[in-house]
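# Structural characterization, general
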Amino acid sequence: MKQWIDAVRTELGISVDVGIDTDAILDVARDAAHTIERPAAPVTTYLLGYAAAQGINVQEAAEKIARLASTWPAKE
């Protein structure tokens, strides 16, 4: 996973100094895929990244998403 992340960073010109909370990202993806629907996972992780780019703490944003997912109505 680390090699993939480093390769993507290089390809996109993202500073190698940027920290990535892989666990938070994967947790958000899991919550969205299992609680909402599978296609929600990549969109939700994108929104998490966008929030991080706006300066929001990733862990706090991930916790907010987890809370939202936990209260989301069950799939029909």
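Above this text is the structure in question.
From a predicted model like this one, the values you see are computed outputs, not experimental measurements.

Quick look at helix α3 (residues 40-53) now. With 14 residues, α3 ought to run about 20 Å at 1.5 Å a step, and its terminal C-alpha atoms sit 20 Å apart, in line with that. Residues of α3 that are buried: Ala-40, Ala-41, Thr-44, Leu-48 and Ala-51. Summarising the axial view, the buried residues of α3 lie within an arc of 95°, below the 170-degree limit, and thus occupy one face. Exposed residues lying more than 90 degrees from the buried face of α3 are Pro-42, Tyr-46 and Ala-53. If you follow the buried residues of α3, they end up packed against α2 (22-36) and α4 (58-71).

In this structure, Ala-24, Val-28, Leu-48, Ala-61 and Ala-62 together form the largest nonpolar core, which totals five residues. When contributions to this core are tallied by element, the ones reaching two or more residues are α2 and α4.

Turning next to α2. Given 3.6 residues to a turn, an α-helix orients residues that are three or four positions apart in the same direction. For α2, built from 15 residues, the straight-helix expectation of 21 Å at 1.5 Å per residue is met to within 8% by its first-to-last C-alpha distance of 21 Å. Within α2, burial applies to Ala-24, Val-28, Ala-29, Asp-31, Ala-32 and Ala-33. Buried residues along α2 sit in contact with α3 and α4.

This part is about the side chain of Asp-31. By the secondary structure assignment, Asp-31 is in helix α2. By relative accessible area, which is 16% here, Asp-31 ends up buried. The residues touching Asp-31, leaving out its near neighbours within four places in the chain, are Ile-36, Ala-66 and Ala-69.

Rules used in this analysis
Residues numbered from 1 in each chain as written. Predicted model: local features only at pLDDT ≥ 70, side-chain atom pairs only at ≥ 80, totals over all residues. Heavy atoms only, no water. Helix = DSSP H or I, 4+ residues; strand = E, 2+ residues; numbered from the N terminus. Expected span 1.5 Å × (residues − 1). Buried < 20%, exposed > 50% of the residue type's maximum accessible area, 1.4 Å probe, protein only. Arc of directions from axis to C-beta. Contact = heavy atoms within 4.5 Å. Core = buried A, V, L, I, M, F, W, Y, C linked by side-chain atoms within 4.5 Å.

Keep in mind that these numbers describe shape and distance, not what the molecule does.
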